[in-house]
Amino acid sequence: MAIAKWIGGALGWIISGNTLGALVGFYIGSLLDIALSNGEDLPFSANKYRVYDEQDHFEDTNSFEGERNSFLLSMLVLSSYIIKADGKIMHSEMEYVRQFLRVNFGEQAVSQGEAILLKLFDVQKQQGPVQFQETIRKSCVEIRFHTSVSQRLQLLNYLVIIAKADGVISPEEVAALKEVALYIGLSMQDVESMLNLESGAEASSSIEDAYKVLGVSPSATDDEVKAAYRKMALKHHPDRVATLGDDIRKAAEKKFQEINDAKERIFKARGL
């Protein structure tokens, strides 16, 4: 696969960001060198990108692709923090990321994405927990500035799924998720809601979990429950992340269905 397919497509806001650019820019640069030596098409070809000053900044004229791929690189950066939150790199969590890249971008993207993650683990080790925490905070500030609430909610959803991939979510992982959510401008309730989302055979029949998904108390009035659902439906509607690509939209549709399932359990119990 040509590098322009995904990593190169992020040469928009992410590489101009002070922290995100520092974290992934070196690796993008090395991949560009490989692409040149292999005769691959560069991601900033004339029909998609143009140089607009002498400092090698790029203006992405294909905004949807740049938005999508910057989102995916943001996911990798934040995944490195969540995966190591409990001090362990679990195979199942790494495999979830590999599979996501494999399905959506092909086998070469798996090795590229994994190399970025491994380098980020090294950066975390070199900086130490306090400095790397600040690095993640600054990265999150940049992500918050350049993405919508719905996109950030979908990003949080991916991070929660990664944390759950080994079947156990540790207190350290929950704390890291809440920390990231705070940094990107989401609420603790958003984290609790994501943590309680399940589907299919794994879906909980617990009415208590359904209330946690909607973020309301079992003692809430019918009107409060309906209002909470409408608010969630508006924030999480799949159309709000449609520009990020079909695969991300499908993931958002799955999340949206899980929210609807929780609502239906509550409405059924209340006779609404």
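Because the structure is a prediction, the values reported are computed rather than measured.

Parameters at a glance
- Residues numbered from 1 in each chain as written.
- Predicted model: local features only at pLDDT ≥ 70, side-chain atom pairs only at ≥ 80, totals over all residues.
- Heavy atoms only, no water.
- Helix = DSSP H or I, 4+ residues; strand = E, 2+ residues; numbered from the N terminus.
- Buried < 20%, exposed > 50% of the residue type's maximum accessible area, 1.4 Å probe, protein only.
- Axes fitted to C-alpha atoms, helices over the stretch in contact; angles between N-to-C directions.
- Parallel < 35°, antiparallel > 145°, perpendicular 65-115°, else oblique.
- Contact = heavy atoms within 4.5 Å.
- Nonpolar A, V, L, I, M, F, W, Y, C, P; charged D, E, K, R; others polar.
- Phe/Tyr/Trp six-rings, centres within 6.5 Å; stacked < 30°, edge-to-face > 60°.
- Lys NZ or Arg CZ within 6 Å of the ring centre and 35° of its normal.
- Core = buried A, V, L, I, M, F, W, Y, C linked by side-chain atoms within 4.5 Å.
- Domains from an automatic or database assignment.

1. What about the environment of Leu72?
- Mapped onto the elements, Leu72 comes out in helix H3 (residues 63-83).
- Given the relative accessible area of 1%, Leu72 is considered buried.
- Taking C-alpha positions, Leu72 is 9.1 Å from Leu244, a pair spaced 172 residues apart along the chain.

2. Comments concerning the packing of helix H5 (residues 107-146) against helix H7 (residues 171-183)
- Two elements in contact, H5 and H7, have axes whose closest approach is 8 Å; the angle formed by their N-to-C orientations is 45 degrees. Compared by their axis directions, H5 and H7 come out oblique. Contact residues: Gln133, Ile136, Arg137, Cys140, Val141 and Arg144 in H5; Glu179, Val180, Leu182 and Tyr183 in H7.
- Residues belonging to the contact of H5 with H7 are distributed by class as follows: 6 nonpolar, 1 polar and 3 charged.

3. Some thoughts on the packing of helix H6 (residues 149-164) against helix H11 (residues 246-270)
- One way to put it is that H6 packs onto H11 with a least axis distance of 11 Å and a crossing angle of 80 degrees. Here H6 lies roughly perpendicular to H11, going by the angle between them. Mapping the contact onto sequence places Gln154, Asn157 and Tyr158 in H6 and Asp247, Ile248, Ala251, Ala252 and Lys255 in H11.

4. Things to note about the packing of aromatic side chains
- Taken as a whole and assessed by the stated rule, the structure comprises 1 aromatic pair.
- Ring geometry for Tyr81 versus Phe132: centroids 6.1 Å apart, planes at 50 degrees, classification tilted. Highlighted residues: Tyr81 in helix H3 and Phe132 in helix H5, separated in sequence by 51 residues. Judged on exposure class, the residue Tyr81 and its partner Phe132 are both buried.
- The ring of Tyr229 carries Lys263 above its face, with NZ or CZ at 4.9 Å from the centroid.
- Looking at Lys263, its charged tip hangs above the ring of Phe267, at a distance of 5.2 Å from the centre.

5. A closer look at the nonpolar core
- Formed by 65 residues in total, the largest nonpolar core has its most connected members in Leu78, Ile136, Leu156, Leu177, Val180, Leu214 and Val225.
- Looking at this core, you find at least three residues from each of domain 1 (66-199) and domain 2 (200-271).
- The contact partners of Leu78, leaving out residues within four places of it in the chain, are Ile136, Cys140, Ile143, Leu155, Leu159 and Val180.

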